[in-house]
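Listed below are the residues making up each chain.
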Amino acid sequence: MAAIDPNRGFLKDVKRIVIKVGTAVVTREDGRLALGRLGALCEQLQILNSQGFEVILVSSGAVGAGRQRLRYRKLVHSSFADLQKPQVELDGKACAAVGQNGLMALYDTLFSQLDVTSAQLLVTDNDFRSSEFRKQLTETVDSLLSYKVIPVFNENDAVSTRRAPYEDSSGIFWDNDSLAALLALELKADLLVLLSDVDGLYSGPPSDPQSKLIHTYIKEQLENTITFGDKSRLGRGGMTAKVKAAVYASQAGIPVVITSGFAGDNIVKVLQGERIGTLFHQDAHMWVSNGELNARDMAIAARESSRCFQAMSTNERSKILLDIADALEANEKVILHENEADVAAAKDAGYETSLVSRLALKPGKVSSLANAIRMLANMEEPIGQILKRTELSAGFILDKTSSPLGVLLVIFESRPDALVQIASLSIRTGNGLLLKGGKEARRSNAILHKIITSAIPEIIGGGLIGLVTSRDEIPELLKLDDVIDLVIPRGSNKLVSDIKSSTKIPVLGHADGVCHVYVDKSADMEMAKNIVLDAKTDYPAACNAMETLLVHKDLMENGGVNELLIELQNKGVTINGGPMASSALNLPAAPSFHHEYGSLACTIEIVDDVHAAIDHIHKHGSAHTDSIVTQDREAADIFLRQVDSAAVLHNASTRFSDGFRFGLGAEVGISTSRIHARGPVGVEGLLTTRWIARGSGQVVDNDKGVVYTHRDLTHQT
């Protein structure tokens, strides 16, 4: 038994059902009627009828069945000479007339065996142009259902005024799928079931092993991302037509399920709420989270949408960023309202002060984020830049160009502003994106994601930026090394470590932000006090905040250390000491030199000189950001050259280690990994390279067919 889907609880209230059975279900491969499947279908309808359901059947198959019969009649009455001539396609209207008679005769026989009465109703699209017809249709069907008669509908193709009723897509309805949707609305059905020859809607052709069954269709995320296979074997539109009909009906308020008509009890299972087939519902986007979607489908949707996005012009992509910036500012009040709710909930839940601080969007933050996005929008186009141009041989040019990485998975904690920065950078670089924020920022992340994705044109598809809301989905996402190209974790040491140990996908990020400020003996003390205070107190929860203050031993003798301590304590900073400092200054011992406080607290230690400071940083630091304050140029140069951190500063606060402050527009994170991107990762860190070669017929031929020049043309215009 399939699992019960909690989102299908509404099915318990269903009374009137429209069921459409497709040509591929009604007929066999040879075109003859599939007696076994039709018998099983009629048995299911008899069960529903006896249980008090009002059942309306829309059946395809007449044209296919009629074509088979007429081919046989034509064969019987043809001479050998006739058979040698080119065969003309049979008239579709004649096929419909002959097939309809046989199809209804079979339904009548099968239903009679089950003590059920059926009625035939043939309609054309022109009929529905009359309001009187619609009224009479409803009255007739209501009357039939009151007698527990099952109405069987089909389009009257034999007298349709369209040129080719089984091909023409004009009119009020254009096939039996759209007819079923129209009838569901006209007759006020509670449910529409479309029976097909496959189990439901797949992410790609069902024959493709990579395709996955989609249990719930969310238009905003899946539209333009699904690859359909061939049309129906004998019918008109196959799955494409069914999806169009399902979207039309569901958006008008009629739930729809597409499922297989080959199983003998699928309709009953649907009504029992089992998770089979694909459900279409107008509220699906509200009560089905991204996390409930198949993880692979989300990643594939992100890749497909990103390819559509990359095909847009530079100006079009930049305009999207500008529209996002405007939308954020226009919705600032609702953003702050949702954020305040998250902050209040975090406080009530007893979260640490540092986490609550990272969670809160401070006054002016939304405008700051919007301005950063505008800076990104106005940057030089990053995609397709020629990094190197080489003439391989005469008439054969090779370009090394910048290119998007592909699909990014970014997992972050607490900070909702990270969502905006990451999304804008992903858009600027043409990457698809999956985001997983912390549950403490659920409401903030949801509203920011909604505002950002609403500014993205529908033509790109809703999957460009996906928001994963279920933590349970992360392990599955981390397995998708064939469709996700880079994982960027932003959060605690444990989060980053756990992710690195759980995936084969490359990971870009930092585990800790144990940043140092070293105050040398030749430092300008006023400058030193300002830098130390800023590095610690400007935003204590930031990963680039100072956690350890190193001071030259000579500052113990001239009072410099005491000046720094007093300034920090006046700002409410709790100070712990290393072995030398705690002894000399009577301070409590630090828990560890490799400790990230993330709050108004820090460690101080005394060192002999710049070399000792460097050794300490290499031993206990996290290779994030470290700074020296000194007027001694030689000491500064030694520090800058030898400290092996992602960002090293002279006479400046560690808080400058930030994508926006570095002029990157925004940052997706700060990397301490020794890979292509270190430090604040902006646009360049989210790009890779491609080789584009333009030849004029060259072949290798064991390297005899070409004369290599390998001439550098990079700087030639």
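Counting starts from 1 at the beginning of each chain's written sequence and moves along it residue by residue. Only residues with pLDDT of 70 or above have their local features reported here, since the model is predicted, and side-chain atom pairs are shown and tallied only from 80 upward, although totals for entire chains, interfaces and linings are computed over all residues. Note: side-chain values were computed over all heavy atoms of the structure, leaving out hydrogens and water.

- As annotated in an unreviewed UniProt entry, the chain is Delta-1-pyrroline-5-carboxylate synthase from Deinandra increscens subsp. villosa.
- UniProt positions are given in the numbering used here, feature names are shortened, and annotations may be inferred rather than shown by experiment. In its Function (unreviewed entry) section, the UniProt entry covering the chain states "P5CS plays a key role in proline biosynthesis, leading to osmoregulation in plants."

1. Some thoughts on the overall build of the chain
- Of the regular secondary structure elements, the chain holds 26 helices and 24 strands.
- Across the 717 residues in the chain, those meeting the buried criterion constitute 54%.
- What makes two residues a contact is simply this: any of their non-hydrogen atoms within 4.5 Å. When contacts within the chain are restricted to residue pairs at least 6 apart in sequence, those whose partners lie at least 24 apart make up 75%.
- Exposure was quantified through the Shrake-Rupley algorithm and a 1.4 Å probe, taking into account, for residues, occlusion by the shown protein chains and nothing else. Surface summary for the chain: the accessible area is close to 31800 Å², and the carbon and sulfur share equals 50%. Segments assigned H or I by DSSP are reported as helices when at least four residues long, segments assigned E as strands when at least two residues long, and all are numbered from the N terminus. Exposure classes here rest on a 1.4 Å probe applied to the protein chains alone. A residue is buried below 20% of its type maximum, exposed above 50%, and partly exposed in between.

2. Some points on the packing of helix α16 (residues 365-377) against helix α17 (residues 417-429)
- The axes are straight lines fitted to the C-alpha atoms, using for helices just the contacting stretch, and the angles between their N-to-C directions are given from 0 to 180°. α17 packs onto α16 with a crossing angle of 10 degrees between their chain directions and a minimal axis gap of 10 Å. With respect to their mutual orientation, α16 and α17 come out roughly parallel. On α17, the residues that touch Lys365, Leu369, Ile373, Leu376 and Ala377 of α16 are Asp417, Val420, Gln421, Ser424, Leu425 and Arg428.
- Only Asp, Glu, Lys and Arg are considered charged in this grouping, and only Ala, Val, Leu, Ile, Met, Phe, Trp, Tyr, Cys and Pro are considered nonpolar; every other residue, Gly among them, is considered polar. Grouping the constituent residues of the contact of α16 with α17 by class yields six nonpolar, two polar and three charged. Relative orientations are named as follows: roughly parallel for angles under 35 degrees, roughly antiparallel for angles over 145 degrees, roughly perpendicular for angles from 65 to 115 degrees, and oblique for any other angle.

3. Section: the pairing of strand β12 (residues 432-436)
- For β12, the tally of buried residues reaches five of five residues, placing the bulk of the element in the interior.
- Residues Gly432, Leu434 and Lys436 line one face of β12 and the alternating positions Leu433 and Leu435 line the opposite face, and both faces are buried.
- We call two strands paired when DSSP finds no fewer than two bridges between them. Pairing analysis gives five bridges linking strand β11 (residues 407-412) to β12, with the strands arranged parallel. Looking at β12, one finds that Ile411 is bridged to Lys436.
- Here β12 pairs with strand β13 (residues 465-468) via four bridges, running parallel. Across the sheet, residue Leu435 finds its bridge partner in β13, namely Leu467.
- Orienting the strands away from the viewer, one traces the path from the first strand over the helix to the second; a clockwise path indicates a right-handed crossover. Handedness of the crossover is the feature at issue here: the chain leaves β12, passes through helix α18 (residues 442-454), returns alongside β13, and the resulting connection is right-handed.

4. Points about the sheet that holds strand β9 (residues 386-393)
- Within the open sheet, the four strands sit side by side as β23-β10-β9-β24. Their pairing is antiparallel. The strands lining the two open edges of the sheet, one partner per strand, are β23 (687-694) and β24 (711-712).
- Both β9 and β24 contribute to a ladder of two bridges, which runs antiparallel. Bridged to Thr390 within β24 is Asp712.

5. Description of the packing of helix α13 (residues 314-330) against α16
- Contact pair α13 / α16: the axes reach a minimum separation of 9 Å and the direction vectors enclose 170 degrees. In this view, α13 runs roughly antiparallel relative to α16, as classed from their interaxial angle. Touching Ser318, Leu321, Leu322, Ile324, Ala325, Asp326, Leu328 and Glu329 of α13 are Val366, Ser367, Ala370, Asn371, Ile373, Arg374, Leu376 and Ala377, all from α16.
- In terms of residue class, the contact of α13 with α16 is made up of 10 nonpolar, three polar and three charged.

6. Some details on helix α20 (residues 493-500)
- Three or more residues of α20 are buried, namely Leu495, Val496 and Ile499. In a view along the axis of α20, the buried residues occupy a sector of 95 degrees, so they form one face of it.
- Each element contacted by the buried residues of α20 is listed here: β11, α19 (474-478) and β14 (486-490). The directions from the helix axis to the C-beta atoms form the arc being described.

7. Section: unusual backbone geometry
- The phi dihedral of Asn702 falls on the positive side, at around 55 degrees, and the residue is not glycine.
- Take Asn702: it is sitting in the loop between β23 and β24.
- Of the residues examined, Asn702 reaches a relative accessible area of 68% and is grouped as exposed.
- Located in the positive-phi region is Asp703, a residue other than glycine, with phi close to 65 degrees.
- Note on placement: Asp703 falls in the loop between β23 and β24.

8. Structural notes on the packing of aromatic side chains
- Whether two aromatic rings pair depends on their centres lying within 6.5 Å, for rings of Phe, Tyr and Trp, where Trp uses its six-membered ring; planes under 30 degrees apart make the pair stacked, over 60 edge-to-face, and the rest tilted. Under the definition given, this model contains four aromatic pairs.
- Residues Phe128 and Phe133 carry aromatic rings whose centres are separated by 5.3 Å and whose planes lie at 75 degrees to one another, so their mutual orientation is edge-to-face.
- Take Phe133: its relative accessible area is 23%, and that puts it in the partly exposed class.
- When the centroid spacing of 6.4 Å and the interplanar angle of 20 degrees are considered together, the rings of Tyr518 and Phe639 count as stacked. Here Phe639 lies in helix α26 (residues 633-642) and Tyr518 lies in strand β15 (residues 515-519), a separation of 121 residues in the sequence. Exposure class is identical for Tyr518 and Phe639. Each is buried.
- By the criterion adopted, a ring carries a charge over it if an Arg CZ or a Lys NZ lies within 6 Å of its centre and within 35 degrees of its normal. If you follow Arg37 out to its NZ or CZ, it ends over the ring of Phe262, 4.2 Å from the centre.

9. A word on the environment of Asp177
- Along the chain, Asp177 turns up in helix α7 (residues 176-186).
- On the accessibility criterion, Asp177 (4% relative accessible area) is buried.
- Separated by 69 residues in the primary sequence, Asp177 and Ala246 place their C-alpha atoms 8.3 Å from one another.
- Discounting residues that sit within four places of it in the chain, Asp177 has contacts with Lys20, Leu194, Gly238, Ala241, Lys242 and Ala245.

10. Digging into the side chain of Arg655
- With respect to the element layout, Arg655 can be found in the loop between β20 (647-650) and β21 (669-671).
- Residues adjacent in sequence count toward polar contacts only when both atoms are side-chain atoms; beyond that, a polar contact is any pair of N or O atoms within 3.5 Å, and within protein one must be able to donate a hydrogen and the other to accept it. Among the polar contacts listed, one links the side chain of Arg655 to the side chain of Asp538, at a separation of 2.7 Å.
- Ignoring any residue separated from it by four or fewer positions in sequence, one finds Arg655 in contact with Asp534, Ala535, Asp538, Tyr539, Ala542, Asn544, Ala545 and Arg661.

11. Focus: the pattern of salt bridges
- The rule for a salt bridge is simple: a side-chain nitrogen of Lys or Arg has to be within 4 Å of a carboxyl oxygen of Asp or Glu. Counted by the stated rule, this structure contains 30 salt bridges.
- Here Glu54 makes a salt bridge to Arg16, at a shortest N to O gap of 2.7 Å. In this pair, Glu54 sits in strand β2 (residues 54-59) while Arg16 sits in strand β1 (residues 16-21), placing the two residues 38 residues apart along the sequence. Summarising the burial analysis for this pair, Glu54 and Arg16 share the class buried.
- The shortest N-O distance in the salt bridge between Glu381 and Arg428 comes to 3.4 Å. Residue Glu381 is found in the loop between α16 and β9, and its partner Arg428 is found in helix α17; the two are separated by 47 residues along the sequence. For the residue pair Glu381 and Arg428, the accessibility class agrees, reading buried in each case.
- A single salt-bridge network, built from bridges that share partners, covers Arg16, Glu54 and Asp142.

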